[in-house]
Amino acid sequence: MTQTPAPRPLSDAAASALLAAQQFGTLATVKRSGHPHLTTMVYGWDPEARIVRFSTTADRVKVTHLRRNPRTALHVQGGDPWSFAVAEGDASVSEVTTVPGDAIGRELLAMLPEAAKPQDPEAEDAFLEQLVAERRVVIRLKVDRLYGTALDFGND
């Protein structure tokens, strides 16, 4: 009989590194019925502050869920099908950005990868105006529990 390796829990540092290495994850919020609502999201991980940030619009159902019940989790797949990390905690939703260049708009701008940031003042102004038109908000997940698992299958 062939014995397969057992799952290995990730250390906090390894789970944090997995979050930092990815950019997409599945955000779970709680519906009024108590059932989970799952959505794929682009995110940014700030390991020092232990905050995951998401950009979304004010009219999304996840925003309604989080304003009613801030408990949430982000599941992130690792580089193989056997590894993952989960960040759990309470989330807050910012106010809507209402003036191009306000604090929320600047926070949203800072979330962009360097390669995606507007390269000149006119493009930046246009981006900040677009955020206002879209009624963008920032979801901030303050991580109080971070865990994950890896399976070292096939690694000798």
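Definitions and limits used
- Residues numbered from 1 in each chain as written.
- Predicted model: local features only at pLDDT ≥ 70, side-chain atom pairs only at ≥ 80, totals over all residues.
- Heavy atoms only, no water.
- Helix = DSSP H or I, 4+ residues; strand = E, 2+ residues; numbered from the N terminus.
- Buried < 20%, exposed > 50% of the residue type's maximum accessible area, 1.4 Å probe, protein only.
- Salt bridge = Lys/Arg side-chain N within 4 Å of Asp/Glu carboxyl O.
- 1 Å grid on protein atoms, 1.4 Å probe; cavity = no way out; pocket = protein on both sides within 12 Å on 5 of 7 lines; lining within 4 Å.
- Points joined across faces, edges and corners; volume = space filled by probe spheres on them.
- Nonpolar A, V, L, I, M, F, W, Y, C, P; charged D, E, K, R; others polar.

(A) Spotlight on unusual backbone geometry. Phi is positive for Arg50, which is not a glycine, with a value near 55 degrees. Positionally, Arg50 belongs in the loop between strand S4 (44-46) and strand S5 (51-57). Residue class for Arg50 comes out partly exposed when judged on its relative accessible area of 23%. Phi is positive for Arg135, close to 60 degrees, though the residue is something other than glycine. By relative accessible area, which is 45% here, Arg135 ends up partly exposed.

(B) Quick peek at the pattern of salt bridges. Under the defined criterion, the tally for this structure stands at 8 salt bridges. Its salt-bridge partner being Asp12, residue Arg50 comes within 3.1 Å of it at the nearest N-O pair. In this pair, Arg50 sits in the loop between S4 and S5 while Asp12 sits in helix H1 (residues 12-21), placing the two residues 38 residues apart along the sequence. Judged by its relative accessible area of 39%, Asp12 falls in the partly exposed class. The closest approach of N and O atoms between Glu134 and Arg136, which form a salt bridge, is 2.9 Å. Overall, Glu134 belongs to the partly exposed group, its relative accessible area being 30%. Judged by relative accessible area, which is 19%, Arg136 ranks as buried. Connected through salt bridges with shared partners, the residues Asp46, Arg53, Glu107 and Arg140 form a single ionic network.

(C) Representation of the layout of surface pockets in the model. A volume near 360 Å³ is recorded for the largest pocket. Around the largest pocket, the lining is made up of 15 residues, and of these Val42, Ser55, Met111, Leu112 and Pro113 lie nearest the centre. Those elements giving two or more residues to the lining of the largest pocket turn out to be S5, helix H3 (103-111) and helix H4 (121-134). Examining the composition of the lining of the largest pocket, we find that 3 residues originate from one element, H4, more than from any other. Residue composition of the lining of the largest pocket, by class: 9 nonpolar, 3 polar and 3 charged.

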